[in-house]
Structure formats: structure tokens, C-alpha cells
Amino acid sequence: MNTGWSRFNVASVAVGFAFLYLPIVLLVVYSFNASKLVTVWAGFSTRWYVSLIHNEGILNAAWVTLRVGLLSATVATVLGTLAALALTRYTRFRGRVLFSGMVFAPLVMPDVIIGLSLLLLFVALGFDRGFLTITLAHVTFTMCFVAVVVQSRLLTFDRSLEEAAMDLGATPVRTFFQVTLPVIAPAIVSGWMLAFTLSLDDLVIASFAAGPGATTLPMKIYSQVRLGVTPEINAVCTILIGIVATGVFAAALINRRRELQRQRDEHAAMRADG
Amino acid sequence: MSDVAIRPEPAGAGSRIVSAVAGRLVIIVPYVWLLLFFLVPFLIVLKISLSQAAIAMPPYAPAFRLGDGLAGFLDAVGQFSFDNYVWLTGDPLYINAYLSSLMIAAVSTVLTLLVGYPVAYGMARAPATIRPTLLMLVILPFWTSFLIRVYAWIGILKPEGLLNQFLLATGIIDQPLVILNTHTAIFIGIVYSYLPFMVLPLYATLEKMDHSLVEAALDLGCTRIGAFWKVTFPLSLPGVIAGCLLVFIPAVGEFVIPDLLGGSQTLMIGKTLWNEFFSNRDWPVASAVAVILLLVLVVPIMIFQKVQADVQERDR
């Protein structure tokens, strides 16, 4: 009897992954195309990367995007972690249903609605649209993703560790910083990375929240894509994919190393006991 | 809202006050942020959808000002106008846009399920040692930009694009297929972009499933297909529902995919809203479009939140 991985299973996984990765691979390959036509291969060249260095519009947009991403991801991580703590640690407080609704709704809410509503708020408040409003908008929708990531870690957290610390006389605040925070730190780091990439990728919400003053990289890419597919855009996209992939792989490696270290420590402790 | 039920802690009175304050702040800070930047904006959208368009900056006649107090509010309520909604229901363009968005999202969701289920099932049946790697490979595309992934398909699907070049070169077709700027291109775009959202919840339920149940069914004379429909599929239903909602809800309001892959003749409500706002600069109509879109999505969103809450309760 079949207990393992049938040929059908292997085939469907392989086809699924090919479907997921082939378009990205083709995009990267054609960014090194010498021809101006994206779809006709005319030899290897890095000319599009060179021409990027002189494209001030794209460089400026990249700089805005990077600043918005770093700032909004950091604020969103703090707020998202607090929201996750509120949801897991306080099972009863007035307005909890509304609160959890506001945390989960942005995960599926269409971007156009979030973008439009935030823009109308900024206009009503009389804010100048630009760097600040994009950052506020990004904090708002990315903090919910951080909250979900941190919350899933908190749900599997062994609360007896906290209780032990408090029995030994630590205040709840001190317990949080010395016991809870170190344990959930990996989830907070992945939450920050998720918030950063979401901010880096967002087109729709940024388009609403940005005034004429600020343009982000996705907005720039979008306006050029509308004019046609060019190898230069492929080059920008390839760089972005490269940055994100490096970050994700590095995080995975670090996590894996920590995990192995933890297992070794546990083994050592068990041997010491015996 | 800040009425917190804090467990009595074994600490001194002073630190208890500090903890109580800290405990309240944990709730209040994100709560106030979400109220201000998530809930209040919706109320403003609602308000502006009830006001008249005006040639001004901002381009609408204010329905009421917060500073006017209750009297001003009541006065303003009298001036609320449902013209924008009447306008929306009177023009078949908008109704068609809503219907076609729902149709496109529904078809795409079914297609994503059909593509995603075998992948998730195959992953769940894979040797335990390689499962984490497979899982990471599914998540990785989610980290790369949505816009970039949609953009990548333009080069593949266009008439002189890579897919047609390949099919022509291998002799499968002798005329280039027209895919870009059709509904097919939108379906491909949505299935491609949202596939990880479908695969992840499916994988989570399928991986936990006890495969010996399927074996028992087979031993008792059930066919493989029968065992799938009678055992595997019903057990994976929570994953199916979560996955379908995660694809369907955002797909209804999708803007980037219909705009870049669907061409000018496709009607989807996200695109309509964008055009009303950016091209026609009609903020009140754009707001009314958003309000109705939200009403259309409120039921699926509430089901999604219920599913999320159930999962939380189970994991607790």
C-alpha cells in the first residue's frame, strides 16, 4: 500500500512550483537581455543595470520607498506586537470584538478601500500629502500583519515561564522584557520583515496616500509599465527580488542555526541531568 | 473600552499600578491607532459618499463639519444626499462592474482551489524532512512584489510574448493566441498571485490529517476517488473555506491585475473606483462605490473573522 509520496503527489508539487517560479525566473533572465525588446533574446548584457544608475527618477523613488519602509515597518512592529499581546493576554475587555475585527479586517480588505478611506482622512485632517501620509498609511495596514505573526507565536508560548519569573519576584513589566520578549523575538523580527516588504511592494495604498510631492518605487514602476514592458523595469524588479530573497534566506538560515543551537543546548542539559 | 480584566499579580502595590497602566497601554495604543486610521476613515468615506460633488479642492461639498456640534450635525443630516447611490444604481456600468467583479473573483477562486489543492496535498504527503523546505518555497513568492509578479506575466502572455513564441516554435499552434487583455489573463493573474494564500491553509489542515483514515476506507473497499471525496475532502474543509475566502475577498476589489492584464474593456469594481477617483476626480461617487463594495464584502469578511477566531480558540 502506498504510504509515501506517490508519483501524482510529486508531479503536482513540481508543476505547482514551476508555475510559481517560472515567470519570476523569466523576468530575471530577460533583465540581462541586450535587446530593447523584452521578448527577443539578443545576448547577455548588463546595460540596463548601468542605465539605471543614471535614472534619477527611479533612484529618488527608491530612496523614498526605502525610508518609508524602514520607518513604517518599525512603528508597525511596535504597534502590531502590542496588538498581539492585547489579543492573546486580555481575553475580556470592552470592545474586544471591535478590536480583533479591526486587526483582522485589513488582511483581506481590498487595497482600494483602505487607500481611499485613508486619503479622505488625511484631507479631512488637512495633512499635506507626501512622505508622512504614506508612512502613516503603511503603518496602519502592515501592523495587522505583524499582529497576526506575533500572535501565532504567543499562542504557543509556554506561560509557565512567565509565572515562574513572577513567582521569583519579577514585576510583570520586567517579566515581559526579560522572559517574554526574548522568546517571541524571532516572530517580531519576521513581523518586521513582513511589514517592510509589504511597504516596499505596495502600489495602491501609496498612490492614494501620496500627494504630488512623493513617488514610491512601485508607483514609478507602475507608471512605466503602463507605457510598455522594458528591460530597464525588469532590471529594477530583479534588484528588488534579489534584496528580498537575500533577506528571507538570511533570516531562514539564522532561525535554523538558533534552532539547532537550542536542540544542542537541550541535549547537553539532559545529559547533565542524567 | 479600556476596562481591562487583569489577573491579580503577586507583586507590591506600586508595581501593581505600573503593571495595570502598562496593561492598559498595551490595549489602548494599538486600539486608538486603529480607531483613528481604520475605523474613522470609513466613517468619512460614508459621509463623503452622501455629499455632492463640487469643483473645488477637496472636490466635494462638505456634508458637515465636526466643529458645528450636534445642531450642525442634525442640519447636515437633512442635507445628506443619496444622489450618488441613485446614480450608481441607475447606471448599468456600475452594476455590471460589481457583477463582473464577483463573477471573475468566484471563477478565479475555484480555479485557484483546483490548482492549489493537488499542490497542498502533495506537500502534505511529502517526506517530513523536506516539508519545511517546500513550505518555504510556497511562501517565498509572497515576499516578492505583487506588482512585479503581475508585470512578469505581461511579457509571457502578450501576442509576441514568450508563451506564444514557445507554442509557435513547437508547432502546437500556428496563430498567436490572444490572451493578454482578456478575462483569461485576469484568471491566470489572480490564480498566480493568490496561490500561496490557498495552498497555506489547505496544507495546514491536510498535514494534520490522520492518513490512516484514508487507508481504513481503502481497506474497507472504497475506491481511491471515493476515499478522497468521503474522507480527505470533508476533513480538509476548514482549509478549503479559509483558502477560498483569502482569495475571493481581495480578488473582488483587485485593481492591479485587471488594470495590467485585463486591458481597457474589462470591468472590475476596483478599477472603476480608481478611475472615478484619479481620472474623473469624482470623490463622492468613488466613496459610494467603496461603500457598496464594502457592503458586498461584509458577509465574506465576517465569515473570515469567524474562521480566524475559531482557529484561535482551537490553538489556545
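Remember, predicted model here, so these are calculated numbers, not experimental data. (Residues numbered from 1 in each chain as written. Chains lettered and ligands numbered in written order. Predicted model: local features only at pLDDT ≥ 70, side-chain atom pairs only at ≥ 80, totals over all residues. Heavy atoms only, no water.)

Time to look at the overall build of chain B. When you go through chain B residue by residue, the secondary structure sums to 14 helices and zero strands. Going from the N terminus to the C terminus, chain B shows its helices and strands as α-α-α-α-α-α-α-α-α-α-α-α-α-α. Looking at the 316 residues of chain B, the share that counts as buried comes to 51%. Considering only residue pairs separated by 6 or more positions, chain B has 70% of its internal contacts joining residues 24 or more positions apart. Here chain B displays about 14600 Å² of accessible surface, and carbon together with sulfur accounts for 70% of that area. (Helix = DSSP H or I, 4+ residues; strand = E, 2+ residues; numbered from the N terminus. Buried < 20%, exposed > 50% of the residue type's maximum accessible area, 1.4 Å probe, protein only. Contact = heavy atoms within 4.5 Å. Areas by Shrake-Rupley, 256 points an atom, 1.4 Å probe, with all protein chains shown as cover.)

Here we take up the nonpolar core. A:Phe99, A:Phe208 and B:Met123 are the most contacted members of the largest nonpolar core, which totals 172 residues. Excluding anything up to four places from it in sequence, B:Met123 contacts A:Val13, A:Phe17, B:Arg131, B:Leu134, B:Leu135, B:Val138, B:Val199 and B:Tyr203. In terms of nonpolar packing, the next biggest core, distinct from the first, is built from six residues, B:Met209, B:Leu218, B:Ala227 and B:Val231 among them. (Core = buried A, V, L, I, M, F, W, Y, C linked by side-chain atoms within 4.5 Å.)

So, about the side chain of B:Arg131. Mapping B:Arg131 onto the fold places it in helix H5 (residues 131-143). In contact with B:Arg131, other than residues within four places in its own chain, are B:Met123, B:Ala124, B:Ala126, B:Tyr203 and B:Glu207.

Residue and element names in this part refer to chain A. For helix H5 (residues 111-125), spanning 15 residues, the distance from its first C-alpha to its last is 21 Å, which sits close to the expected 21 Å at 1.5 Å a residue. Among the 15 residues in H5, 12 count as buried, and that is most of the element. Remark: Gly126 follows H5 within two positions and exhibits a positive phi of approximately 75°. (Expected span 1.5 Å × (residues − 1).)

Quick look at the interface of chain A and chain B now. Listed as interface residues are 97 residues of chain A and, on the opposing side, 103 residues of chain B. Along the contact surface separating chain A from chain B lie one salt bridge. One salt bridge connects B:Asp259 with A:Arg226, and the closest N-O pair in it is separated by 3.6 Å. Seen at the junction of chain A and chain B, the total is seven residue pairs in polar contact (both at pLDDT 80 or more). With 14 residues, helix H1 (residues 7-30) of chain A is the largest single contributor of residues to the side of chain A that touches chain B. The residue makeup of the side of chain A that touches chain B, split by class, is 67 nonpolar, 21 polar and nine charged. (Salt bridge = Lys/Arg side-chain N within 4 Å of Asp/Glu carboxyl O. Polar contact = N/O pair within 3.5 Å; in protein donor to acceptor, adjacent residues only side chain to side chain. Nonpolar A, V, L, I, M, F, W, Y, C, P; charged D, E, K, R; others polar.)

This part takes up the packing of aromatic side chains. Residue and element names in this part refer to chain B. Counting across every chain of the model gives 31 aromatic pairs over all chains. When the ring of Phe228 is compared with that of Trp229, the centres are 5.2 Å apart and the planes differ by 80°; the resulting orientation is edge-to-face. For Phe228, a relative accessible area of 23% translates into the label partly exposed. Note on Trp229: relative accessible area 51%, which makes it exposed. With a centroid separation of 4.5 Å and an interplanar angle of 40°, the aromatic rings of Trp274 and Phe278 are classed as tilted. Here Trp274 pairs with Phe278, and both are found in helix H13 (residues 269-278), just four residues apart, close to one helical turn. (Phe/Tyr/Trp six-rings, centres within 6.5 Å; stacked < 30°, edge-to-face > 60°.)

Glancing now at the confidence of the model for chain B. Residue and element names in this part refer to chain B. Of all residues in chain B, 84% have pLDDT values of 70 or greater, and the mean over the chain is 83. The low-confidence segment residues 1-11, where pLDDT is below 50, has 25 contacts with residues more than four positions distant or belonging to other chains. Across the assembled chains, the prediction reports ipTM 0.85 with pTM 0.84. (pLDDT = per-residue confidence, 0-100.)

What follows is about the environment of A:Ser72. All names here are of chain A. With respect to the helices, strands and loops of the structure, Ser72 is situated in helix H3 (residues 56-89). A residue is classified by how much of its surface remains accessible, and Ser72, at 0% relative accessible area, is buried. Residues Ser72 and Leu154, spaced 82 residues apart in sequence, show a C-alpha to C-alpha distance of 23 Å. Setting aside residues up to four positions removed in sequence, Ser72 forms contacts with Thr135, His138, Val139, Thr142 and Ser199.

To continue, consider the packing of helix H6 (residues 146-157) of chain B against helix H8 (residues 183-208) of chain B. All names here are of chain B. Across the interface, H6 lies against H8 with an axial gap of 10 Å and an inter-helix angle of 140°. With respect to H8, the axis of H6 lies oblique. The hand of the H6/H8 crossing is right-handed. Residues Phe146, Arg149, Val150, Trp153 and Leu157 of H6 form the contact with H8, whose participating residues are Ala185, Ile188, Tyr192, Ser193 and Tyr194. Looking at the contact of H6 with H8 residue by residue, the classes come out as eight nonpolar, one polar and one charged. (Axes fitted to C-alpha atoms, helices over the stretch in contact; angles between N-to-C directions. Parallel < 35°, antiparallel > 145°, perpendicular 65-115°, else oblique. Left-handed = near helix turned anticlockwise from the far one by under 90°.)

Moving on to a nonpolar patch on the surface. All names here are of chain B. Residues Leu237, Ile241, Val298, Val299, Met302 and Ile303 make up a contiguous nonpolar surface patch of about 510 Å² in total accessible area. Elements with a minimum of two residues in the nonpolar patch: helix H11 (237-252) and helix H14 (283-315). Residue contributions to the nonpolar patch peak at four residues, all from H14. Among the secondary structure elements, Met302 is positioned in helix H14. Looking at Met302, the relative accessible area reads 55%, which means it is exposed. (Patch = residues over 30% accessible without salt bridge, like charges linked within 9 Å, V, L, I, M, F, W, Y side chains within 5 Å.)

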